[in-house]
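Working through the structure, step by step
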Amino acid sequence: MKGPNEMSQTPLSLFSDRISPLSISPLWERKIKMVPGSQCVPHVWPYSVMRPLLDESTHLIEKKEADRRVLMMENPSLRGSSFISNSLFAGLQIIMPGEIAPSHRHSPNALRFVMDGEGAYTSVNGEKVSIYPGDFIVTPAWSWHDHGNLGNGAVVWMDGLDTPFSSLFGAHFRENYPEDIFPISKQHGNSYAQYGSNLAPLSFTHTHEQNPCSLLHYSFDKTRDALLSLAKDDGVKIDLAHGFKLRYVNPLDGSYPFKTMAAFMQLLPKGFKGLNYRTTENTVFNVAYGNCRIQLKDRVVEISSNDVLVIPSWETFSFESENETMIFSFSDRAAQQSLGFWREEILPI
Ligand code: 1HN
């Protein structure tokens, strides 16, 4: 007599069972669906929750001990990974007066978006950059970097990294500099003078294959002025999904500041109601000022100054703002576009 299990076995299922111990699976039985989107979910980390936790951490761990005093924002579906989406890392870092974060370098690219407090600097490959709220800072892969706070109060910024890419490729390298502080070899404002004034050094030619973004600092003053003047210009059409949105560029070739990550600032004018939008891009938003509502598939979330929101691939969302609102964001669009994966869609209401 055959048992019930044996009854349901077929030559095909017996075949699958036989090859399974050999680490072989039949494609016709695969469980991964070939559809856009991921297991990641949209999620908000309110600053009203994050800031007290950051403050508390300053009493619990010394900067030196922590190396970087960062609270990582992990996607609820990726707990334990350190990632905010399948392709991005985001954390909030706090640095207290007199503290330094020692110099190191790693293969992932890093960006910073300054959220709160004055008097901090970051030093990137021998250039010290003073940073202020709203500023966007580029730390290219493998560049030495240390940070310090010369001010009187705490400084908080968001770190965005492409560590999931180095994990994916198994190409994560990291080393500490033998001293805490990497020697300063350039004048303050060096990268801005060379690359930030619609000029470029003679040594630059368009035949260069690799142009890591040499402009390190994009000040909020300039970004805000640009967006506010666009918003006042009758000749400029507003984007129906994003409001007025600009991307940060590598001034040498107009490309994204990183090969993997793009970064943006957008202005939602008072009373803006955006169209529904979805893209394959995974995006991390951080509100520079103002507040808005974001309609997601199954709920509405509200975000205001310094709140962080992640919207993973292919999630439909739309913006609505009662007040003028400016939002910084970074995403994996640079990688997706250069690899041919990127798509977007504006959806009917
Ligand atoms: C890093 O080097 C910093 O330099 C911040 O401040 C966050 C997260 C993962 C890996 C390296 C920093 C980081 C990081």
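Residues numbered from 1 in each chain as written. Predicted model: local features only at pLDDT ≥ 70, side-chain atom pairs only at ≥ 80, totals over all residues. Heavy atoms only, no water.

1. Some remarks on a nonpolar patch on the surface
Among the surface-exposed residues, Leu12, Phe15 and Trp28 lie close enough to one another that they form a single nonpolar patch of about 330 Å² accessible area. In this fold, Leu12 is placed in helix α2 (residues 11–19). (Patch = residues over 30% accessible without salt bridge, like charges linked within 9 Å, V, L, I, M, F, W, Y side chains within 5 Å. Areas by Shrake-Rupley, 256 points an atom, 1.4 Å probe, with all protein chains shown as cover. Salt bridge = Lys/Arg side-chain N within 4 Å of Asp/Glu carboxyl O. Helix = DSSP H or I, 4+ residues; strand = E, 2+ residues; numbered from the N terminus.)

2. Details of the environment of Leu309
Take Leu309: it is sitting in strand β20 (residues 308–311). The exposure class of Leu309 is buried, given its relative accessible area of 1%. Counting along the chain gives 264 residues from Leu309 to Trp45, while the straight-line C-alpha distance between them is 6.4 Å. If sequence neighbours within four positions are ignored, Leu309 has contacts with His43, Val44, Thr283, Val284, Phe285, Ile294, Val301 and Ile303. (Buried < 20%, exposed > 50% of the residue type's maximum accessible area, 1.4 Å probe, protein only. Contact = heavy atoms within 4.5 Å.)

3. Points about the sheet that holds strand β9 (residues 145–149)
Spatial ordering of the open sheet is given by β7-β6-β9-β4-β11, a layout of five strands whose pairing is antiparallel. Among the strands making up the open sheet, the edge pair consists of β7 (127–131) and β11 (174–176). Averaged over all pairs of adjacent strands, the angle between their axes in this sheet comes to 25 degrees, without regard to strand direction. Bridge count between strand β6 (residues 120–124) and β9: five bridges; the pairing is antiparallel. Bridged to Thr122 within β9 is His147. (Pairing = 2+ DSSP bridges. Axes fitted to C-alpha atoms, helices over the stretch in contact; angles between N-to-C directions.)

4. Re the site of the ligand
Close contacts around the ligand come from Arg68, Phe89, Gln93, His104, His106, Arg112, His145, His147, Asp159 and Leu161, and that covers them all. Arg68 is positioned with one of its side-chain polar atoms (N or O) 2.8 Å from an oxygen atom of the ligand. Within the contact set of the ligand, an oxygen atom lies 2.9 Å away from a side-chain nitrogen or oxygen of His145. Coverage of the ligand by the protein chains reaches 86% of its 330 Å² of free accessible surface. Secondary-structure elements contributing two or more residues to the shell around the ligand are β3 (89–95), β4 (100–106), β9 and β10 (155–161). Looking at side-chain class alone, the shell around the ligand contains two nonpolar, five polar and three charged residues. (Near = heavy atom within 4 Å. Polar contact = N/O pair within 3.5 Å; in protein donor to acceptor, adjacent residues only side chain to side chain. Nonpolar A, V, L, I, M, F, W, Y, C, P; charged D, E, K, R; others polar.)

5. Remarks on the pattern of salt bridges
Counted under the stated rule, the structure contains 15 salt bridges. Note that Arg105 is salt-bridged to Glu175, the shortest N-O span being 2.6 Å. Of this pair, Arg105 sits in strand β4 while Glu175 sits in strand β11; the two residues are 70 residues apart in sequence, bridging distant segments of the chain. Its relative accessible area of 17% is what places Arg105 among the buried residues. Taking relative accessible area as the criterion, Glu175 reaches 31% and is therefore assigned partly exposed. Overlapping salt bridges bring together Arg51, Asp55 and Asp116 as one network.

Coordinates in, geometry out; function isn't part of it.
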